[in-house]
Protein chains: 2
Amino acid sequence: MKSTVHPSHAGAYFLFALVALFASPVRAQPTPADPLPSWNNTPRKAGIIDFVARVTKQGGPDFVAPADRIATFDQDGTLWCEQPIYTQVQFAVDRVKALAPEHPDWKTTQPFKAILEGDKASLPEFSIQDFAKVAAVSHAGMTVQDFDHVVQKWLATTEHPRFHRPYTACIYQPMLELMAYLRANGFKTYIVTGGGQDFVRVYANQVYGVPKEQVVGSAAKTKYEYGKDGQPQLIKTMDMILVDDHAGKPEGIHLIVGKRPIAAFGNSTGDQQMLEFAQGSADAKVAKAARLMMLVHHDDAMREYAYGADSKIGTFSKALMDEANERKWFVISMKDDWKVIFPFEK
Amino acid sequence: MKSTVHPSHAGAYFLFALVALFASPVRAQPTPADPLPSWNNTPRKAGIIDFVARVTKQGGPDFVAPADRIATFDQDGTLWCEQPIYTQVQFAVDRVKALAPEHPDWKTTQPFKAILEGDKASLPEFSIQDFAKVAAVSHAGMTVQDFDHVVQKWLATTEHPRFHRPYTACIYQPMLELMAYLRANGFKTYIVTGGGQDFVRVYANQVYGVPKEQVVGSAAKTKYEYGKDGQPQLIKTMDMILVDDHAGKPEGIHLIVGKRPIAAFGNSTGDQQMLEFAQGSADAKVAKAARLMMLVHHDDAMREYAYGADSKIGTFSKALMDEANERKWFVISMKDDWKVIFPFEK
């Protein structure tokens, strides 16, 4: 017999192929790709994957409804590099320099004099009042749109002094993967930063995939006014609403989110209360619930920086390390847990 | 020839049916159902539908990306009934009565005395200080969870004095449809209320489909503390962060959302600035952009209440009406625009 393909059979095969295509998620079960390729296969990585499996397992004892899958991430030192100085402080310093020609008196007035003379050593010695003066000229007295534009332009034209890349490129590849992995599993990812809420909102979506409404940060009041032509505008002031650090982190999360996170990520003493808040009650039932608390430990001077208890920036005190061990929080070793640190290494 | 169905043909038909099923959204194009069935066919309804069509038309001149489709709704008088007294004020009054046995001094101390003696007429005459005293005992000094439970219990056991339904049933069916219609078109719907953020968050998801993180309201600081057994908790205080009314509405939207709404809905002078903010700049390009501003006018004494310029609650001043007309905001007549007011009428 001659082997022929009957037209109606050809049609059936075509249709079958189409159905197979539509039904592929059920029929084909390829090994899932590693969701965290930049993480070494350590107990920390296994712990993250185990946590996500537990809270997403429908009907399981640790299942958490998607609406309550809130994950909060500190930024400085947790999502991007905070050394040798906080990026936003560098922005403020550069802003003072840019505005100096309009303010000749700054040449002889502290703290502006120190900044204009490039006296970097004195920066960490600034008092709160010194910082407030610098913040007032760099972060207030303008509309929220104007501030947005100034920050955008600065980010586009400034490099990290060691890595010679934009600050927004000096972000941690493993953390980007972790955020994406959580979002793919129904989590809402929030940034909860001691940095300025309006500052971080400028680039959070583009850099981290976090929309403006999911950025919790230090915030001052804005003032509603009518500008030229009577258009409504919001002017940034120095009247602080939220200092989003230490206890201010859970307080800020309540203000902006109104839910308790089930996963929280930080790297310093400023994140202690946020992680405690995520871990929750000492009540037996809640305490047994699956929660993920993680601290990034900067121990990789070769690829990034090594600092901890003695650092003024991103202090990781012995008390915090003790609490992390006692409460079984994951302490991530950048050296041992991360294959890659920055996206530009790849 | 005998008419038979060949097995492989039967399989082909079965497969074809399956494919047709999968492909049905492309093949079948039924007339879309009316998204606003409780609205009469007035120019206001047509205007809402036109606005949504314009901002969602990919490639059109008024297209707005889904991430920027922010719609903000006042609550009292816009989403639910605010007469004869704000629901949250009734809650505070009832809370004072419930706590009175533990506070024998209240029998002789104002403003508690007036509340306990049922002197309703004096309520609108309370000073700010009087309200602060009542708020302090009803809204502060407890954990956010305890407050949540107290409000839940009160809502479950209290009726509106005229409609004899739970307060959460005295919501406006046409506004529920409008919120659902906007969400179906990629909008994020926010409640922006002069009422307490923590109060409204208790029921916003269940009643309006608005999750806690999309409730902007008047808010006081919370204080992070360790309770018994050392568990972290947030205590409500009276230290106000945001009075979310008048200019406080755009300021609160910036704090919590960080984006300018493209649609805003209110009913009183307290919503004026929010609507101006949504309408945006006098800049020609922005001013021509599609924006939707709407005020509910309570002119239906038969089915709900009729009040406006002279009302202490939900004041709709002549100045606001003039501004609405001048700026071409939609003024909704409850009598003429709404077929149904409450869900329980249906």
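These figures come from a predicted structure and were not determined experimentally.

### Quick look at the confidence of the model for chain A
Close reading of the predicted structure is inappropriate where its pLDDT is low.
Residue and element names in this part refer to chain A.
In step 1: Looking at chain A as a whole, its pLDDT mean stands at 90, while 88% of the residues score no less than 70.
In step 2: Of the regions scoring below 50 in pLDDT, residues 1–8 engages in 2 contacts with residues more than four places distant in sequence or in other chains.
In step 3: Here residues 10–27 scores under 50 on pLDDT; set against residues more than four positions off or in separate chains, the count is 15 contacts.
In step 4: Interface predicted TM-score (ipTM) for the complex: 0.89; the corresponding pTM is 0.90.

### Observations regarding the side chain of Gln 83 of chain A
In step 1: With respect to the helices and strands, the residue Gln 83 of chain A is situated in the loop between strand E1 (70–73) and helix H3 (87–99).
In step 2: Once residues lying within four places of it in the same chain are set aside, the contact partners of Gln 83 of chain A are His 160, Tyr 305, Tyr 307, Ser 311 and Ile 313 of chain A.

### Describing empty space enclosed by the protein
In step 1: Inspection of every chain in the model, using the stated rule, returns 4 cavities of 30 Å³ or more.
In step 2: Volume-wise, the largest cavity comes out at about 80 Å³.
In step 3: Around the largest cavity sit Gln 90, Val 93, Lys 97, Ala 114, Ile 115, Gly 118, Asp 119, Lys 120, Ser 122, Leu 123 and Phe 126 of chain B, which together line it.
In step 4: Elements with a contribution of two residues or more to the lining of the largest cavity: helix H3 (87–99) and helix H4 (112–116) of chain B.
In step 5: In terms of residue count, the dominant contributor to the lining of the largest cavity is H3 of chain B (3 residues).
In step 6: Looking at side-chain class alone, the lining of the largest cavity contains 5 nonpolar, 3 polar and 3 charged residues.
In step 7: Here the second largest cavity is characterised by a volume of approximately 40 Å³.
In step 8: The wall of the second largest cavity is formed by Lys 188, Tyr 190, Glu 213 and Gln 214 of chain A together with Lys 188, Tyr 190, Glu 213, Gln 214 and Ile 256 of chain B.
In step 9: Those elements giving two or more residues to the lining of the second largest cavity turn out to be strand E2 (188–196) of chain A together with strand E2 (188–196) of chain B.
In step 10: A per-class count over the lining of the second largest cavity returns 3 nonpolar, 2 polar and 4 charged.

### What to know about the environment of Lys 249 of chain A
Residue and element names in this part refer to chain A.
In step 1: With respect to the element layout, Lys 249 can be found in helix H10 (residues 248–256).
In step 2: Take Lys 249: its relative accessible area is 1%, and that puts it in the buried class.
In step 3: For the pair formed by Lys 249 and Glu 326, sequence separation is 77 residues and the distance between their alpha carbons is 21 Å.
In step 4: With sequence-adjacent residues up to four places away left out, Lys 249 is seen in contact with Asp 74, Val 192, Thr 193, Gly 194, Asp 244, Gly 270, Asp 271 and Met 274.

### Re the environment of Met 302 of chain A
Residue and element names in this part refer to chain A.
In step 1: Tracing the chain through its elements places Met 302 in the loop between strand E6 (292–297) and helix H13 (318–326).
In step 2: Judged by its relative accessible area of 74%, Met 302 falls in the exposed class.
In step 3: Residues Met 302 and Lys 335, 33 residues apart in the sequence, show an inter-C-alpha distance of 8.9 Å.

### A look at the sheet that holds strand E3 (residues 215–226) of chain A
In step 1: Taken together, the 7 strands give an open sheet; going across it, the order is E4-E3-E2-E1-E5-E6-E7 (chain A), and neighbouring strands pair in mixed fashion. Of all strands in the sheet, those bounded by a partner on one side alone are strand E4 (232–242) and strand E7 (330–333) of chain A. Taking the axes of each pair of neighbouring strands and ignoring which way they run, one obtains an average angle of 30 degrees across the sheet.
In step 2: As paired elements, strand E5 (residues 263–266) of chain A and E6 of chain A share 4 bridges and run parallel to each other. Directly across from Phe 265 of chain A, in E6 of chain A, lies its bridge partner Met 294 of chain A.
In step 3: Each of E3 and E4 of chain A touches helix H11 (residues 272–279) of chain B; the most contacted strand, E3 of chain A, lies at about 100 degrees to it.

### Overview of the packing of aromatic side chains
Pairs of aromatic rings are described using the distance from one ring centre to the other and the angle between the two planes.
All names here are of chain A.
In step 1: Going through the model one piece at a time under the given rule, you end up with 38 aromatic pairs over all chains.
In step 2: Seen from their ring centres, Trp 39 and Trp 338 are 5.8 Å apart, and the 75 degrees between their planes marks the pair as edge-to-face. With Trp 39 in the loop between helix H1 (7–27) and helix H2 (43–56) and Trp 338 in the segment after helix H14 (334–337), the pair connects residues that are 299 residues apart, well separated along the chain. Here Trp 39 and Trp 338 have matching classes, each one buried.
In step 3: Counting every residue linked through ring pairs, the aromatic cluster contains Trp 80, Phe 91, Phe 147, Trp 154, Tyr 167, Phe 199, Tyr 203 and Tyr 208.
In step 4: Above the ring of Tyr 305, the side-chain terminus of Arg 162 is found at 4.9 Å from the ring centroid.
In step 5: Lying across the ring of Phe 147, Lys 236 places its NZ or CZ 4.6 Å from the centre.

Conventions and cut-offs
- Residue numbers here run from 1 along each chain, matching the order of that chain's written sequence.
- The naming scheme follows written order: chains are lettered A onward, ligands numbered 1 onward.
- Local features in this predicted model are restricted to residues of pLDDT 70 or higher, and side-chain atom pairs are both shown and tallied only at a pLDDT of 80 or more, whereas totals for entire chains, interfaces and linings draw on every residue.
- Only hydrogens and water are set aside; all other atoms, that is, all heavy atoms of the structure, feed into the side-chain values.
- Values of pLDDT, ranging from 0 to 100, describe the predictor's confidence in every residue of the model.
- Throughout, a contact is declared for two residues whenever any of their heavy atoms are within 4.5 Å.
- Numbering of helices and strands starts at the N terminus; helices are DSSP runs of H or I of at least 4 residues and strands are runs of E of at least 2.
- Here a cavity means grid points, on a 1 Å grid over the protein atoms only, where a 1.4 Å probe fits yet cannot get out; a pocket means an open set of points with protein on both sides within 12 Å along at least five of seven lines; lining residues are those with an atom within 4 Å of a point.
- Grid points are joined across faces, edges and corners, and a volume is the space filled by probe spheres set on the points.
- Any residue that is not Ala, Val, Leu, Ile, Met, Phe, Trp, Tyr, Cys, Pro, Asp, Glu, Lys or Arg is counted as polar, Gly included; the first ten are nonpolar and the last four charged.
- In this scheme, a residue with accessible area under 20% of its type's maximum is buried, one over 50% is exposed, and one in between is partly exposed, where area comes from a 1.4 Å probe on protein chains only.
- Two strands qualify as a pair provided DSSP detects at least 2 bridges between them.
- Between the N-to-C directions of two axes lies an angle of 0 to 180 degrees, each axis being a line fitted to C-alpha atoms and, for a helix, fitted only over the stretch in contact.
- Pairing of aromatic side chains here covers Phe, Tyr and the six-membered ring of Trp, requires ring centres within 6.5 Å, and sorts the geometry by plane angle: under 30 degrees stacked, over 60 edge-to-face, intermediate tilted.
- Consider the ring centre and the ring normal. A charge sits over the ring if Lys NZ or Arg CZ is within 6 Å of that centre and within 35 degrees of that normal.

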